[in-house]
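Close look at the chain arrangement
Each chain, written out:
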Amino acid sequence: MTHLDGNALAGLFADTLGIEITAAVGRCGSCHRNFELARAHAFVTAIGAVLRCAHCQDTLVVIVQKPHEVLVNLSGLAHLAMARP
Amino acid sequence: MTSPLRASWHVGRVARRRRETASAVRLELDVPTWPGNHAGSHLDVRLTASDGYQATRSYSVASSGETTRVILAVDELPTGEVSPYLVHQLAEGDELEVHGPLGRYFVWIPSESERSPVQLIAGGSGVVPLFAMAAAREHEADHAEFRLLYSVRTPQDVFFAKELSALSKTTVDIVYTRRSPPQSPRPPGRLTRESVAGFVFPSSVAPRIFVCGPTPFVETVAGWLVQLGHDPAQIRTERFGGSG
């Protein structure tokens, strides 16, 4: 499966989290590198998306869309830094 | 228009549709609640079937600025769920649900402090957001130097052909991979690292680079750019996949 850029998840993030965080700088919890989430690798399927670190390929974010709820797992991120709204 | 533009769902109406290439249409949507968008941003289109099934796909916006007329150019992926409907069935007057403007990363925002040259590199329909940037550049009196390198199969596959030839502030180089126009000095062929080096700004002038196209095109070109000495932090990419 080929990947897209994290940028492609802008709509999904806005819909599920209420904020658009593709320009936010995330820190990978595994390799500890910092990068804009738009630069991470996005794998998109009909039921959701997985965002992986472009450097170490470890999982940063998983979003699963179920019929009546959305599951968001951000445990692969050490932190996120974004501009104040 | 430097403030963040909040994304939300909107209902647009197709004001105009016309054929863009043999496999693509240009859709002009009137979206009364659209807050405007930066050049290069995208939106999600959501289709809902009568049984409630929904399919959502992302499309780059070819227009920019504070306008409620939103222009898309959609290439058909024959096995896709959304693009065949947009290309063949959606008619003028029809309504469409759109979510945007999206993406604050793959955008060009004119700024007084950032005047380094801008290099745009497109593969196929990946030209859409880059065309939006070049078109936005036309409205800036004095700004960064722009170049567009556009890889496309044949002259009939060129998006925004008339508009690209009318650009006065962007140098446009079109490379044909399958068939060139009759008088073309260059035989058809894919880009190579050496030909890319000949077309793009050298790394010595530290251009900001935007690359958009299918995933293999973007991977290949971005890899060459790094080999040619460009700073990876200056390269922004937007890949598109095959789910259409």
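Below or above, wherever it landed, is the structure these notes cover.

Basis of the calculations
- Residues numbered from 1 in each chain as written.
- Chains lettered and ligands numbered in written order.
- Predicted model: local features only at pLDDT ≥ 70, side-chain atom pairs only at ≥ 80, totals over all residues.
- Pairing = 2+ DSSP bridges.
- Helix = DSSP H or I, 4+ residues; strand = E, 2+ residues; numbered from the N terminus.
- Contact = placed C-beta atoms within 7 Å.
- Axes fitted to C-alpha atoms, helices over the stretch in contact; angles between N-to-C directions.
- Nonpolar A, V, L, I, M, F, W, Y, C, P; charged D, E, K, R; others polar.
- Buried ≥ 20, exposed ≤ 12 C-beta atoms within 10 Å, placed from the backbone.

1. Things to note about the sheet that holds strand 1 (residues 4-5) of chain A
Residue and element names in this part refer to chain A. On the basis of which strands lie adjacent, the open sheet formed by five strands has the order 1-4-5-6-7 and antiparallel pairing. Each having just a single partner strand, strand 1 and strand 7 (70-73) make up the two edges of the open sheet. Lying on the sheet, helix 1 (residues 10-17) is in contact with strand 5 (48-52), strand 6 (59-65) and strand 7; it crosses strand 7 at an angle near 110 degrees.

2. A few points about the interface of chain A and chain B
In this complex, chain A contributes 15 residues to the contact, which on the side of chain B involves 16 residues. Sorting the residues of the side of chain A that touches chain B by element identifies strand 1 and helix 1 of chain A as the ones contributing at least two each. Ranked by residue count, the leading element in the side of chain A that touches chain B is helix 1 of chain A, at three residues. Taken together, the residues that form the side of chain A that touches chain B break down as seven nonpolar, five polar and three charged.

3. Comments concerning the environment of Leu77 of chain A
All names here are of chain A. Position of Leu77 among the secondary structure elements: in strand 8 (residues 77-81). Look at Leu77 and you get buried, because 20 C-beta atoms sit within 10 Å. As for Leu77 and Asn34, which are separated by 43 residues in sequence, their C-alpha atoms are 10.0 Å apart. Residues contacting Leu77, with those up to four places away along its chain left out, are Gly26, Arg27, Gly29, Leu60 and Val61.

4. So, unusual backbone geometry
Of note, the bond from Gly100 of chain B into Pro101 of chain B is cis; its omega dihedral lies within 30 degrees of zero at 0 degrees. Mapped onto the elements of the fold, Pro101 of chain B is located in strand 6 (residues 95-102). Here the phi dihedral of Gln57 of chain A falls at roughly 65 degrees; this positive angle occurs in a residue that is not glycine. Considering the arrangement of structural elements, one finds Gln57 of chain A in the loop between strand 5 and strand 6. Backbone geometry at Phe160 of chain B places phi at a positive 50 degrees, although glycine is not the residue there. Relative to the elements of secondary structure, Phe160 of chain B occurs in the loop between strand 8 (146-152) and helix 3 (161-165). Looking at Phe160 of chain B, the number of C-beta atoms within 10 Å reads 23, which means it is buried.

5. Things to note about the sheet that holds strand 2 (residues 25-28) of chain A
All names here are of chain A. On the basis of which strands lie adjacent, the open sheet formed by three strands has the order 3-2-8 and antiparallel pairing. Each having just a single partner strand, strand 3 (34-36) and strand 8 make up the two edges of the open sheet. Looking at each pair of strands side by side, their axes are set apart by 25 degrees on average, direction ignored.

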